[in-house]
Amino acid sequence: MLSPEDNDVLTRTGAGTPMGELFRRFWQPVLLSQELPERDGPPVRVKVLGEDLIAFRDTEGRVGLLDPVCPHRGANLFFGRNEECGIRCAYHGWKFDVEGRCVDLPTMPPESRFRDKVRAGAYPTREWGDLVWAYLGPDGSEPPLPEIEFAVLPPSHRFVSKKLQQCNWAQACEGAIDTAHFSFLHMPVWSARDGIEAAVSRSSVDEERTRWMRDDPRPQFYVVPHDVGFVAGAARKANGNDLYWRIAQYMLPNHALTPNAFPGENIHCQTWVPITDEQCWVFCASWNPDRSLTDAERTGFRAGRSVHAEVDAHWVPLRNRDNDYLIDRVDQKRRTFTGIQGVSEQDAMIQDSQGLIANRAREHLGPTDIAIIDFRKLILRAARELGAGTEPAAARNAAGYRVRGGSIVADAGLSFAETMVKRFGDSLGRVRV
Amino acid sequence: MLSPEDNDVLTRTGAGTPMGELFRRFWQPVLLSQELPERDGPPVRVKVLGEDLIAFRDTEGRVGLLDPVCPHRGANLFFGRNEECGIRCAYHGWKFDVEGRCVDLPTMPPESRFRDKVRAGAYPTREWGDLVWAYLGPDGSEPPLPEIEFAVLPPSHRFVSKKLQQCNWAQACEGAIDTAHFSFLHMPVWSARDGIEAAVSRSSVDEERTRWMRDDPRPQFYVVPHDVGFVAGAARKANGNDLYWRIAQYMLPNHALTPNAFPGENIHCQTWVPITDEQCWVFCASWNPDRSLTDAERTGFRAGRSVHAEVDAHWVPLRNRDNDYLIDRVDQKRRTFTGIQGVSEQDAMIQDSQGLIANRAREHLGPTDIAIIDFRKLILRAARELGAGTEPAAARNAAGYRVRGGSIVADAGLSFAETMVKRFGDSLGRVRV
Amino acid sequence: MLSPEDNDVLTRTGAGTPMGELFRRFWQPVLLSQELPERDGPPVRVKVLGEDLIAFRDTEGRVGLLDPVCPHRGANLFFGRNEECGIRCAYHGWKFDVEGRCVDLPTMPPESRFRDKVRAGAYPTREWGDLVWAYLGPDGSEPPLPEIEFAVLPPSHRFVSKKLQQCNWAQACEGAIDTAHFSFLHMPVWSARDGIEAAVSRSSVDEERTRWMRDDPRPQFYVVPHDVGFVAGAARKANGNDLYWRIAQYMLPNHALTPNAFPGENIHCQTWVPITDEQCWVFCASWNPDRSLTDAERTGFRAGRSVHAEVDAHWVPLRNRDNDYLIDRVDQKRRTFTGIQGVSEQDAMIQDSQGLIANRAREHLGPTDIAIIDFRKLILRAARELGAGTEPAAARNAAGYRVRGGSIVADAGLSFAETMVKRFGDSLGRVRV
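What counts, and at which threshold
The residue numbering used here restarts from 1 in each chain and proceeds along that chain's sequence as written. As a convention, the first chain written is A and the first ligand written is 1, with the rest following in written order. For this predicted model, a pLDDT threshold of at least 70 governs which residues receive local features, and a threshold of 80 or more governs which side-chain atom pairs are given and counted, while totals over whole chains, interfaces and linings are taken from all residues. The side-chain values count all of the structure's non-hydrogen atoms but skip hydrogen atoms and water molecules. Only DSSP runs of H or I covering at least 4 residues are called helices, and only runs of E covering at least 2 are called strands; the numbering of each starts at the N terminus. With C-alpha atoms as the basis for the radius of gyration, the globule rule is written as 2.2 Å multiplied by the number of residues raised to the power 0.38. Accessibility here uses a 1.4 Å probe with only protein chains present; expressed as a share of the type maximum, an area under 20% marks a residue as buried, one over 50% as exposed, and anything in between as partly exposed. Here a residue-residue contact requires only that any non-hydrogen atoms of the pair lie within 4.5 Å. All accessible-area figures derive from a Shrake-Rupley calculation using a 1.4 Å probe, and residue coverage is judged against the displayed protein chains alone. We score Asp and Glu as negative and Lys and Arg as positive, and we do not count His or the chain ends. Where a charge sits is defined by one atom per residue type, namely NZ (Lys), CZ (Arg), CG (Asp) or CD (Glu). Computed with a 1.4 Å rolling probe, the buried area is the accessible surface lost when two parts are put together, summed over both parts. For salt bridges, the criterion is a side-chain nitrogen of Lys or Arg within 4 Å of an Asp or Glu carboxyl oxygen. Between N or O atoms, a polar contact is any pair within 3.5 Å; within protein, one atom must be a potential hydrogen donor and the other a potential acceptor, and residues adjacent in sequence are included only when both atoms are from side chains. In this analysis an axis means a line fitted to C-alpha atoms, helices contributing only their contacting stretch, and an angle means the value between N-to-C directions, from 0 to 180 degrees. When describing relative orientation, an angle under 35 degrees is termed roughly parallel and one over 145 degrees roughly antiparallel, while 65 to 115 degrees is termed roughly perpendicular and anything else oblique. Left-handed describes a crossing whose near helix is turned anticlockwise from the far helix through less than a right angle; right-handed describes the clockwise counterpart. Ten residues, namely Ala, Val, Leu, Ile, Met, Phe, Trp, Tyr, Cys and Pro, are considered nonpolar, four, namely Asp, Glu, Lys and Arg, are considered charged, and the remaining ones, Gly among them, are considered polar. Residues reaching a pLDDT of at least 70 in both copies supply the C-alpha atoms on which the copies are superposed by least squares. Two strands pair if DSSP finds at least two bridges between them. Two rings belonging to Phe, Tyr or Trp (six-membered ring only in the last case) form a pair when the distance between their centres is within 6.5 Å. Interplanar angles under 30 degrees mark stacking, angles over 60 mark edge-to-face geometry, and anything in between is tilted. We count a charge as sitting over a ring when the NZ of a lysine or the CZ of an arginine lies within 6 Å of the ring centre and within 35 degrees of the ring normal. Every residue gets a pLDDT, meaning the predictor's confidence in that residue, from 0 to 100. Think of a 1 Å grid over just the protein atoms. A cavity is a set of points where a 1.4 Å probe fits yet cannot get out, a pocket is an open set with protein on both sides within 12 Å along at least five of seven lines, and lining residues have an atom within 4 Å of a point. Grid points are joined across faces, edges and corners, and a volume is the space filled by probe spheres set on the points.

## What about the overall build of chain A?
Then, in step 1: A tally of regular secondary structure across chain A gives 10 helices and 21 strands.
Then, in step 2: Relative to the globule expectation of 22 Å for 433 residues, the C-alpha radius of gyration of chain A, 23 Å, shows essentially globular dimensions.
Then, in step 3: Overall, the C-alpha framework of chain A stretches about 85 × 45 × 45 Å when taken along its three principal axes.
Then, in step 4: Across the 433 residues that make up chain A, the buried fraction comes to 62%.
Then, in step 5: Nonlocal contacts in chain A, meaning residues at least 24 apart in sequence, comprise 61% of its contacts between residues at least 6 apart.
Then, in step 6: Just so you have it, chain A exposes about 16600 Å², and 50% of that area is on carbon and sulfur atoms.
Then, in step 7: Computed over 53 positive and 59 negative side-chain charges, the separation of the two mean positions in chain A equals 1 Å.

## Examining the interface of chain B and chain C
Then, in step 1: With 35 residues of chain B in contact, the opposing surface of chain C contributes 33 residues.
Then, in step 2: Together chain B and chain C conceal approximately 2800 Å² of surface at their shared face, both sides included; 54% is due to carbon and sulfur atoms.
Then, in step 3: Among the residues of chain B in contact with chain C, Arg-218, Arg-329 and His-364 of chain B are the three that bury the most area, contributing 22% of the side total.
Then, in step 4: Our count for the chain B to chain C interface comes out at 5 salt bridges.
Then, in step 5: Arg-73 of chain C is the partner of Glu-363 of chain B in a salt bridge, and the nearest nitrogen-oxygen pair spans 3.9 Å.
Then, in step 6: Where chain B touches chain C, the interface holds 20 residue pairs in polar contact (both at pLDDT 80 or more).
Then, in step 7: Looking at the side of chain B that touches chain C, the elements with two or more residues in it are helix H4 (169-177), helix H7 (329-334), helix H8 (343-352) and helix H9 (370-387) of chain B.

## A few points about the packing of helix H4 (residues 169-177) of chain A against helix H9 (residues 370-387) of chain A
All names here are of chain A.
Then, in step 1: Where H4 meets H9, the closest approach of the two axes is 9 Å, and the angle between their N-to-C directions is 135 degrees. The angle between H4 and H9 places the two elements in the oblique class. Both H4 and H9 take part in a crossing whose hand is right-handed. Contacts between H4 and H9 involve Trp-169, Ala-170, Cys-173, Glu-174 and Ile-177 from the first element and Ala-371, Ile-372, Phe-375, Arg-376 and Ile-379 from the second.
Then, in step 2: Taken together, the residues of the contact of H4 with H9 sort by class into 8 nonpolar, no polar and 2 charged.

## Quick notes on the interface of chain A and chain C
Interfaces are frequently sized by the accessible area removed from exposure as the parts join.
Then, in step 1: The partner chain C presents 35 residues to the 33 residues of chain A that form the contact.
Then, in step 2: Carbon and sulfur atoms supply 54% of the area buried between chain A and chain C, which totals about 2800 Å² over both sides.
Then, in step 3: On inspection of chain A and its partner chain C, the count reaches 5 salt bridges.
Then, in step 4: A salt bridge links Arg-45 of chain A to Asp-324 of chain C, with the nearest nitrogen and oxygen atoms 2.8 Å apart.
Then, in step 5: Summed over the shared surface of chain A and chain C, the number is 20 residue pairs in polar contact (both at pLDDT 80 or more).

## Description of the relation of the copies chain A and chain C
Then, in step 1: Mapping chain A onto chain C calls for a rotation angle of 120 degrees and an axial translation of 0.0 Å; the resulting RMSD is 0.1 Å. Each copy turns onto its partner about a three-fold axis. It is Asp-322 of chain A whose C-alpha, among those of chain A, lies nearest the rotation axis, at 11 Å.

## Focus: the pattern of salt bridges
Then, in step 1: Inspection of the entire model under this criterion finds 105 salt bridges over all chains.
Then, in step 2: Asp-97 of chain B is the salt-bridge partner of Arg-101 of chain B, the closest N and O atoms lying 3.0 Å from each other.
Then, in step 3: The partly exposed category is assigned to Arg-101 of chain B, whose relative accessible area is 39%.
Then, in step 4: Salt-bridge contacts for Glu-174 of chain C lead to Arg-360 of chain C; the nearest nitrogen and oxygen are separated by 3.0 Å. Of this pair, Glu-174 of chain C sits in helix H4 (residues 169-177) while Arg-360 of chain C sits in the loop between helix H8 (343-352) and helix H9 (370-387), and the two are 186 residues apart along the sequence.
Then, in step 5: Via salt bridges that share partners, Arg-73 of chain A together with Glu-174, Asp-178, Arg-360, Glu-363 and Arg-376 of chain C belong to a single interconnected network.

## What about the pairing of strand E12 (residues 158-165) of chain A?
All names here are of chain A.
Then, in step 1: Burial within E12 is extensive, with 8 of its 8 residues counted as buried.
Then, in step 2: Of the two faces of E12, the one carrying Arg-158, Val-160, Lys-162 and Leu-164 and the one carrying Phe-159, Ser-161, Lys-163 and Gln-165 are both buried.
Then, in step 3: The pairing of E12 with strand E20 (residues 279-287) spans 8 bridges and is classified as antiparallel. Its bridge partner being in E20, Lys-162 is matched across the sheet by Phe-283.

## Considering the sheet that holds strand E1 (residues 28-32) of chain C
All names here are of chain C.
Then, in step 1: Across the sheet, which stays open at both edges, the 3 strands sit in the order E1-E11-E10 with antiparallel pairing between neighbours. Each end of this open sheet is capped by a strand with a single partner; those strands are E1 and strand E10 (125-128). Put simply, the sheet's adjacent strands are angled 35 degrees from each other on average, direction ignored.
Then, in step 2: In this sheet, strand E11 (residues 131-134) lies alongside E10 in antiparallel orientation, the contact comprising 4 bridges. Bridge pairing in E11 places Arg-126 opposite Trp-133.

## Description of the side chain of Ser-286 of chain A
All names here are of chain A.
Then, in step 1: As for its placement among the helices and strands, Ser-286 is situated in strand E20.
Then, in step 2: A residue is classified by how much of its surface remains accessible, and Ser-286, at 0% relative accessible area, is buried.
Then, in step 3: A distance of 2.7 Å separates a polar atom in the side chain of Ser-286 from a polar atom in the side chain of His-308.
Then, in step 4: Not counting the four nearest positions on each side in its chain, Ser-286 is found in contact with His-157, Arg-158, Phe-159, Ile-267, His-268, Leu-293, Phe-301, Val-307 and His-308.

## Looking at the sheet that holds strand E11 (residues 131-134) of chain B
Residues and elements named next belong to chain B.
Then, in step 1: Read from one edge of the open sheet, 3 strands run E1-E11-E10, paired in antiparallel fashion. Because the sheet does not close on itself, it has two edges, and the strands there are strand E1 (28-32) and strand E10 (125-128). On average, adjacent strands in this sheet sit at an angle of 35 degrees to one another, irrespective of strand direction.
Then, in step 2: Sheet analysis places E1 next to E11, joined by 4 bridges and oriented antiparallel. The residue bridging Leu-31 from the neighbouring strand is Val-132, located in E11.

## Notes on the packing of aromatic side chains
Then, in step 1: By the definition in use, this model includes 48 aromatic pairs over all chains.
Then, in step 2: On the numbers, 5.7 Å between centres and 25 degrees between planes, the contact of Tyr-222 of chain C with Phe-416 of chain C is stacked. Here the residue Tyr-222 of chain C occupies a position in strand E15 (residues 220-226), and Phe-416 of chain C occupies one in helix H10 (residues 416-424), the gap between them amounting to 194 residues.
Then, in step 3: An angle of 0 degrees between the planes, with centres 6.0 Å apart, marks the rings of Tyr-244 of chain C and Phe-262 of chain C as stacked. Here Tyr-244 of chain C is found in strand E17 (residues 242-251), whereas its partner Phe-262 of chain C is found in the loop between strand E18 (255-257) and strand E19 (267-276), with 18 residues between them in sequence. We note that Tyr-244 of chain C, like Phe-262 of chain C, is buried.
Then, in step 4: The ring centre of Phe-78 of chain B lies 3.8 Å from the NZ or CZ of Arg-45 of chain B, which sits over that ring.
Then, in step 5: Sitting over the face of the ring of Trp-281 of chain C, Lys-162 of chain C holds its NZ or CZ atom 4.0 Å from the ring centroid.

## Points about the confidence of the model for chain A
All names here are of chain A.
Then, in step 1: Within chain A, residue pLDDT values average 95, and 97% of them lie at 70 or more.
Then, in step 2: Scored below 50 in pLDDT, residues 192-201 makes 15 contacts in the model with residues more than four places away or belonging to other chains.
Then, in step 3: Across the predicted assembly, pTM comes out at 0.95 and ipTM at 0.95.

## Overview of empty space enclosed by the protein
Residues and elements named next belong to chain B.
Then, in step 1: If you walk through the whole model with that rule in mind, you get 10 cavities of 30 Å³ or more.
Then, in step 2: Taken together, 13 residues line the largest cavity, and the ones lying closest to its centre are Phe-26, Trp-27, Pro-146, Ala-395 and Tyr-401.
Then, in step 3: Tallied by class, residues from the lining of the largest cavity come to 11 nonpolar, 2 polar and no charged.

Quick look at the structure:
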């Protein structure tokens with residue numbers, strides 16, 4: 001449990017809040033690059049960390065991220081015209097470039113230098129891993145971009161998407177760090193009594209993993225900090241003397257890697273970017289370090305496989321808070337533990353259900369919750385240290401983000417560190433460059 | 001009129017408010033039994049008196065009414081799985097029975113007794129008269145169930161329904177106590193000038209009653225208190241030396257019987273249960289003390305006759321605040337006084353129209369409003385006495401709720417008490433057991 | 001720019017606010033007469049200046065504008081029956097005439113004089129120029145009606161309409177005073193590079209005006225005060241030594257005439273009446289002083305030409321804030337500066353885009369904004385003078401509203417006053433009676 005004060009610090013990300021300031025020290029994804037497909041194309045609205053912005057791709061292909069309020073009379077630049085390396089306000093034609101400089105001011109005489117005094121608010125942007133990233137922090141202090149593996153691989157090896165989530169960022173992020181919930185939330189239902197053995201899984205390998213998760217709802221957790229966050233391993237009893245390890249990565253401030261991948265399987269990352277404190281965008285990436293993704297894999301991700309959701313044209317999941325995730329109570333009785341289709345949607349349902357902003361004052365935490373406890377400690381400490389003047393070192397440790405998560409079946413005699421080395425070649429899951 | 005302070009006491013029913021505490025001393029209907037048709041069926045959301053709850057019927061047929069917030073991490077038990085005498089949280093499998101006891105806690109070792117310390121909030125429930133009733137008051141102080149006549153009769157003799165009303169409970173309840181409004185709100189229109197004699201009524205008996213109500217919009221009111229509320233008689237001039245009496249019953253805190261039934265006719269009860277202070281559920285019951293209801297009567301009630309409304313699948317009246325009750329202004333000009341179809345809908349319209357919470361500070365009350373004045377005095381006194389430590393006696397007087405309301409045509413020479421004895425065999429309308 | 005305090009005074013119009021009181025000294029249009037087409041027809045809801053009211057046309061054709069709260073028990077008179085020179089409450093039949101007098105009180109004995117003490121709140125109304133005007137100010141101080149030209153002409157010469165605007169009244173009114181925006185907001189797009197010369201205009205005359213506006217986005221402004229507001233002329237370079245003048249009129253507190261009419265062309269007026277401080281009705285009038293409007297002109301206005309918008313049955317523009325005005329980005333790229341259809345809709349878009357209530361603290365104003373600056377000064381001064389006890393003289397100067405706006409091409413050697421005399425026969429645009 002968390003005090004109401006700590007819960008506020010954890011969940012509030014507006015400008016000037018401790019967590020809001022911490023987020024503003026890190027590059028944040030704000031759009032898929034594909035949302036700005038063409039030069040001089042339509043500007044789009046962006047809302048992140050409580051700030052209303054517009055983005056546009058200029059004639060040179062650069063992405064501008066501006067305060068939409070025209071400095072002249074406050075008309076919204078969203079309705080402006082994106083033309084010749086700048087966006088022109090539709091009211092009186094004032095024009096601004098991607099850095100917010102006023103490049104034309106037709107209501108003033110040509111000799112006037114007034115335009116040198118006028119600027120539109122603008123944030124630096126970069127494109128990285130098919131995403132548009134922005135830096136909303138103090139001027140001139142942009143850190144390097146985080147080298148999360150999907151972003152440094154060739155485009156052929158990755159798939160990215162985004163989806164709306166209708167709750168605070170932190171409880172959604174906690175859901176990814178908490179791998180104990182796999183024993184229930186994503187499980188098929190079985191019942192000796194009814195003679196039903198749900199066959200959600202396709203292969204005997206999947207069936208085996210499912211059985212291990214079902215049969216051990218109390219995984220043993222190990223959390224080891226590293227330069228940009230921590231690695232969290234959860235060990236369940238497998239066959240014989242083996243343990244079935246599921247190992248997640250958490251990276252400051254709002255990234256997590258899923259724990260499912262066995263060697264050779266695809267890896268997945270999710271990043272929760274607050275829109276307001278009551279909803280967030282989840283940027284999702286799937287990749288294979290060793291090969292291009294297949295067309296079938298891409299088709300599956302687009303249809304909502306794995307961390308990706310089945311979304312509408314506005315990136316709103318088809319199964320969402322407003323329609324109770326199309327829960328099917330017959331299905332919940334007979335086939336799956338939730339009656340809700342899709343791993344992503346099951347996660348969203350349970351996380352959303354904790355409230356628009358989860359109240360952590362009434363919780364009763366136990367041994368399977370220690371990764372969550374460590375997450376809160378780590379990020380609250382970072383926010384408070386920043387408030388006291390210490391910048392977060394992780395923000396400048398680009399290479400620190402080159403870590404992997406995944407699964408392995410290993411002898412129970414191995415320590416967590418030994419198991420990590422066996423699985424990843426490194427006790428913290430770091431990828432050798 | 002009422003002071004703003006008294007109006008607040010009358011209308012606010014959240015936990016800790018004077019009226020909220022009074023309501024919490026009485027069993028309150030919260031669902032139709034038919035809303036939980038099967039054992040181990042889907043849980044349903046319930047909101048009453050401002051509290052968000054879930055209800056489910058367990059394997060043994062018992063109804064649980066729980067705080068939906070799982071004590072573990074706050075996920076909502078509405079999405080849980082109703083299985084083998086308990087509801088299991090979809091996140092990590094914690095399971096609670098109808099009394100809120102934690103009966104399984106799979107994330108803890110089997111030897112752990114932690115689950116003895118963990119409880120879900122739960123309220124006692126009973127099924128009574130085809131309704132699910134709940135007691136939201138202090139632990140262990142459940143009173144007996146109120147013996148309103150429909151609940152003690154065989155199911156064959158009664159019909160129950162519910163409908164949403166989009167205003168505060170108290171003004172809706174007042175509408176049922178105030179029988180003076182029958183001279184206008186539910187009247188057909190007639191006009192010598194236009195030569196229109198609206199023929200809404202079917203029989204000459206109905207026509208006669210309608211004419212009496214039309215011709216005397218100033219009934220003489222008599223209010224006599226009894227153990228659980230009061231009886232309110234309103235006498236209008238009928239033929240010759242006769243009076244046409246319409247006699248309603250009010251029972252603490254939120255029940256009323258309609259005044260229309262002549263001997264042998266069906267009796268109707270309405271109970272206004274606050275959802276929030278700006279909307280309420282109206283639970284409606286119709287019954288015949290002496291015989292089973294006919295199929296035609298049930299069909300009529302289902303279609304919205306009498307106190308019952310024509311509702312959608314969510315118990316929202318088809319004609320409601322959001323669509324101006326489908327008022328037909330031509331109909332209002334030529335046929336009925338409101339242009340709105342249905343007695344229930346006419347009542348809802350006029351009560352809703354007083355505001356989400358009626359402001360009683362601007363009223364101008366007269367002799368035809370004395371039953372309403374007495375209602376306010378009675379319940380405000382009960383709320384204040386409870387605040388001072390005196391529990392409401394009515395809550396424990398189960399048999400006191402066995403009263404009837406109805407109509408009679410009687411000689412003007414008879415007193416109200418004599419008329420009551422003539423109509424019901426008892427001066428207060430009490431039913432002999 | 002304006003201080004937050006001044007911005008509040010300018011934009012807040014509820015009862016008791018400085019601007020609200022100023023508005024309440026002037027007759028305000030509240031309905032089109034056609035919204036109350038028949039005697040004894042249905043009452044309609046009216047909300048102006050934050051006040052909820054109902055209007056009805058009685059048996060004699062008079063329009064009542066009443067507080068909808070029945071003085072008896074607070075039921076809403078909107079659901080009442082409009083009959084024989086009064087509206088009768090549907091609850092208990094209390095009846096009120098257009099002046100709010102209680103003319104029937106059936107729940108009281110006929111000899112009671114209680115009804116002399118009971119009144120419904122009522123505001124005086126007049127019909128004038130096919131609009132219903134109301135006076136919401138102090139009792140018994142109604143000024144004369146403003147003699148805006150369309151209202152004093154025969155009905156054949158005018159066309160009136162209304163449209164919802166989804167922002168504060170003041171920024172919308174500013175949009176009409178600011179004629180500098182014609183060089184962008186309503187312009188076609190041209191591009192030497194693409195070889196596109198948009199042909200929005202039909203005639204060579206229109207093309208010439210468009211070219212003058214395009215080529216001179218810095219008109220020279222002249223603002224001259226008069227008895228009821230001011231006249232604002234804006235001069236752009238035309239052919240040779242000529243200037244193209246566009247002359248708007250502003251009349252206290254919320255009327256403006258458009259600057260487009262060359263001699264003989266139709267004149268247009270707009271009046272912004274606050275519903276709340278975040279939306280307003282715009283009453284629009286078009287007229288020709290010298291002749292009846294043609295059927296083609298009326299058809300065009302109905303279809304959304306000029307100041308009139310294409311609206312739905314509730315007077316909501318089809319292209320509005322909620323649907324981004326159906327902006328067509330391809331059209332914006334290739335044909336018009338906004339990609340939005342309709343001059344009225346282009347105005348609404350840019351004004352709405354300043355926010356529900358524009359924040360004037362961040363503006364950067366220049367020489368082309370002086371009419372707006374003068375508007376703010378004038379009306380803020382009037383509001384403050386009223387607060388200090390000085391009634392606005394303009395409110396009683398009915399004839400002062402007989403002014404015209406319009407266009408002229410004149411020699412650059414003429415002063416603004418000389419140009420006004422040349423165009424209107426009067427240096428302030430006053431119409432001789």
